[in-house]
Amino acid sequence: MTTPEPALPMVVPAEGLPARVRIHEVGARDGLQNEKATVPTAVKAEFVRRLADAGLTTIEATSFVHPKWVPQLADAEQLFPLVRDLPGVHLPVLVPNDRGLDRALALGAGRIAVFASATESFAKANLNRTVDEALAMFAPVVEKARARNVHVRGYLSMCFGDPWEGAVPVPQVVRVCRALLDLGCDELSLGDTIGVATPGHVRALLAALNEQHIPTSALGVHFHDTYGQALSNTLAALQHGVTTVDASAGGLGGCPYAKSATGNLATEDLVWMLQGLGIDTGVDLGRLTATSVWMAGQLGRPSPSRTVKALGGTTQPHKE
Ligand code: HMG
Ligand code: MG
């Protein structure tokens, strides 16, 4: 006799956790930006539509960056109009500067994200600027966006470690968080770009931010899963009161300007844990997994997500 595989976890709530978590889905942006082979625009649009159909309501669609810096997202102008009218879905886009903001506004984007770095090395590699030069570049962007009622997220990369500089002191991270909020960002996303964080470090950073009067309600977390710590780090953040968690369908991802960055926390792995804890996300795990299996077929390799493997394993492509 074979034991049936569970399609959903048993629900056993735990104390001290939020009732609801907003998932900020980054698969179409962070997930795809590192893919070498160009993914057709129609496939990206279908990906975003399927993610919306699975119940995700914040789906980062693309980036209005220099096309030579991130060739995979050079089709932002073609993609965005194909998805912008999805009902009930926010579609934030990455914007590094005035030029990017104008491109995004011309297409009616209602949410943008600027992206700063806690370290000088990554600011240089990713934005060709020092940390403070990048903040100066963002200042008019945030101001203009907010004047038009456009919601602004401020990403902060390398919050927990940097491939060139190693350990990143907590006060250094707090300083740039404060600066991003002072520019007028509506929310921050704390990025573990290379996936080196561990739960105590997450707690220490969140506590240090609170000590500087930065409320947890303004903070989201963005974990990459290089060392398999993304879910434990997420749980630590939830226990601290964080309710916005970034994740990428199927665990796609990486950053072209940080070699050691691998895939993001997989949305399916996150949803499995949250469902088991009885935390509402509005996401249909079956539909989401089917989307990642479909996307794995488009990319020609299986999803690294443990949950996608468990639920959709035999239907995933087996060879690269
Ligand atoms: P630069 O070379 O210093 O650019 O790059 P510039 O300001 O000197 O301008 C040079 C030329 O680029 C000009 O054209 C500009 O008009 C043009 P020219 O006058 O020479 O003909 N240009 C643009 N064209 C189109 N769209 C634009 C744009 N901006 C300038 N927006 C720049 C500076 C910021 C542009 C560049 O460094 C860049 O695009 N970087 C983006 C890198 C990126 O997207 N990285 C991945 C996202 S971050 C990430 O993944 C981390 C995250 O997930 C969180 C985490 O995990 O930590 C968010
Ligand atoms: Mg990232």
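Residues numbered from 1 in each chain as written. Chains lettered and ligands numbered in written order. Predicted model: local features only at pLDDT ≥ 70, side-chain atom pairs only at ≥ 80, totals over all residues. Heavy atoms only, no water.

## As for the sheet that holds strand 2 (residues 58-59)
And then number 1: If you trace the nine strands from one edge of the open sheet to the other, you get 2-1-9-8-7-6-5-4-3, paired in parallel fashion. Pairing within the sheet leaves two strands with one partner each, and these edge strands are strand 2 and strand 3 (62-63).
And then number 2: As judged from the seven bridges shared by strand 5 (residues 111-117) and strand 6 (residues 151-157), these two strands associate in the parallel manner. Following the sheet pairing, phenylalanine 115 is matched in strand 6 by tyrosine 155.
And then number 3: Against the sheet, helix 7 (residues 170-183) contacts strand 5, strand 6 and strand 7 (187-192), and its axis sits at roughly 165° relative to strand 6. (Pairing = 2+ DSSP bridges. Helix = DSSP H or I, 4+ residues; strand = E, 2+ residues; numbered from the N terminus. Contact = heavy atoms within 4.5 Å. Axes fitted to C-alpha atoms, helices over the stretch in contact; angles between N-to-C directions.)

## A word on the side chain of glutamate 25
And then number 1: Along the chain, the position of glutamate 25 falls in strand 1 (residues 22-25).
And then number 2: Among residues more than four places away in sequence, those in contact with glutamate 25 are Leu51, Leu56, Thr58, Ile59, Glu60, Ala247, Ser248, Ala249 and Thr267.

## Things to note about the nonpolar core
And then number 1: Counting residues in hydrophobic clusters, the biggest one holds 101 residues, and the most contacted among them are Phe47, Val93, Ile112, Phe138, Leu156, Leu180 and Met295.
And then number 2: Looking at this core element by element, the count peaks at eight residues for helix 6 (residues 131-147).
And then number 3: Residues Phe122, Met158, Ile194 and Ala258 belong to the second largest nonpolar core, which totals five residues. (Core = buried A, V, L, I, M, F, W, Y, C linked by side-chain atoms within 4.5 Å. Buried < 20%, exposed > 50% of the residue type's maximum accessible area, 1.4 Å probe, protein only.)

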